[in-house]
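# Analysis of the macromolecular model
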Amino acid sequence: MTLAVKRALLSLGFVPALLAAQPMQVPQPSPGLMPNAARGKALYDEKCAGCHGADLKGTNQGPPFLHRIYEPSHHGDASFQLAVRNGVRAHHWKFGDMKPVLGPSADDVAHIVAYVRSQQRLVGIR
Ligand code: HEC
């Protein structure tokens, strides 16, 4: 099984648990989309880096993604889609809530996730 398939299965496993906890619809990328880390980097730099850090190591406004908390089995791709669409209530850290980020589509978020995962793999978070 390829890593991409494993990751897809993991994130699918994550969705029903989320839906059971709260009736929220997870934004779905277009069928057949090939997530592209380079496009994701540009979107990340524009929309996420201000808080999560240009190096993904966090800032005084948001947590690092190069952290085991955000490994795919704990925060699957669906958690990124939901965070961007609905925001996040502070629960892991003391930075405060994340507000919804206006602008990125579900496809854009899939590209951002591809970028974040590629950077996580470089430091052994998988
Ligand atoms: C204004 C600051 C800010 C911006 C901009 C921001 N975030 Fe966040 N984000 C946060 C904070 C703060 C948290 C941590 C909440 C907590 O305590 O768990 C967070 C948490 C998250 C989480 C974890 C969600 C969970 O289920 O725990 C994800 C995923 C995430 N952000 C993705 C993104 C993405 C993708 C972008 C860009 C499109 C982005 N964020 C932009 C502040 C921000």
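Structure report, in brief. Just so it is clear, the model here is predicted, and its values are computed rather than measured. (Residues numbered from 1 in each chain as written. Predicted model: local features only at pLDDT ≥ 70, side-chain atom pairs only at ≥ 80, totals over all residues.)

## Considering helix H4 (residues 77-86)
The condition is simple: Counting other C-beta atoms within 10 Å of its own, a residue is labelled buried from 20 upward, exposed at 12 or fewer, and partly exposed in the gap between, with every C-beta atom placed from the backbone. Secondary structure elements are taken from DSSP: a helix is a run of H or I of four residues or more, a strand is a run of E of two residues or more, and numbering for both begins at the N terminus.
Taken together, the buried positions of H4 are Asp77, Ala78, Phe80, Gln81, Leu82 and Val84. After H4 finishes, the residue Gly87 shows a positive phi value of roughly 80 degrees.

## Focus on the site of the ligand
Where we set the bar: Any residue whose backbone-placed C-beta atom lies within 6 Å of a molecule or strand is treated as near that molecule or strand.
Taken together, 24 residues sit near the ligand, with Cys48, Cys51, Gly62, Phe95 and Met98 positioned nearest. Going through the elements one at a time, helix H3 (49-52) and H4 are the ones with two or more residues in the shell around the ligand. Sort the elements by how many residues they give to the shell around the ligand and H4 lands first, with 4 residues.

## Considering helix H5 (residues 106-122)
For clarity, the threshold we go by: Helix span is expected to be 1.5 Å times the residue number reduced by one. Whether two residues are in contact is decided by their C-beta atoms, placed from the backbone, lying within 7 Å.
Here H5 spans 25 Å end to end across 17 residues, near enough to the 24 Å set by a 1.5 Å rise per residue. Residues of H5 that are buried: Asp108, Val109, Ala110, His111, Ile112, Val113, Ala114, Tyr115, Val116 and Arg117. For H5, the secondary structure elements touched by its buried residues are helix H2 (37-47) and H4. Gly124 occupies a position one or two residues after H5 and carries a positive phi of about 85 degrees.

Purely geometric stuff here, so don't read any function into it on its own.
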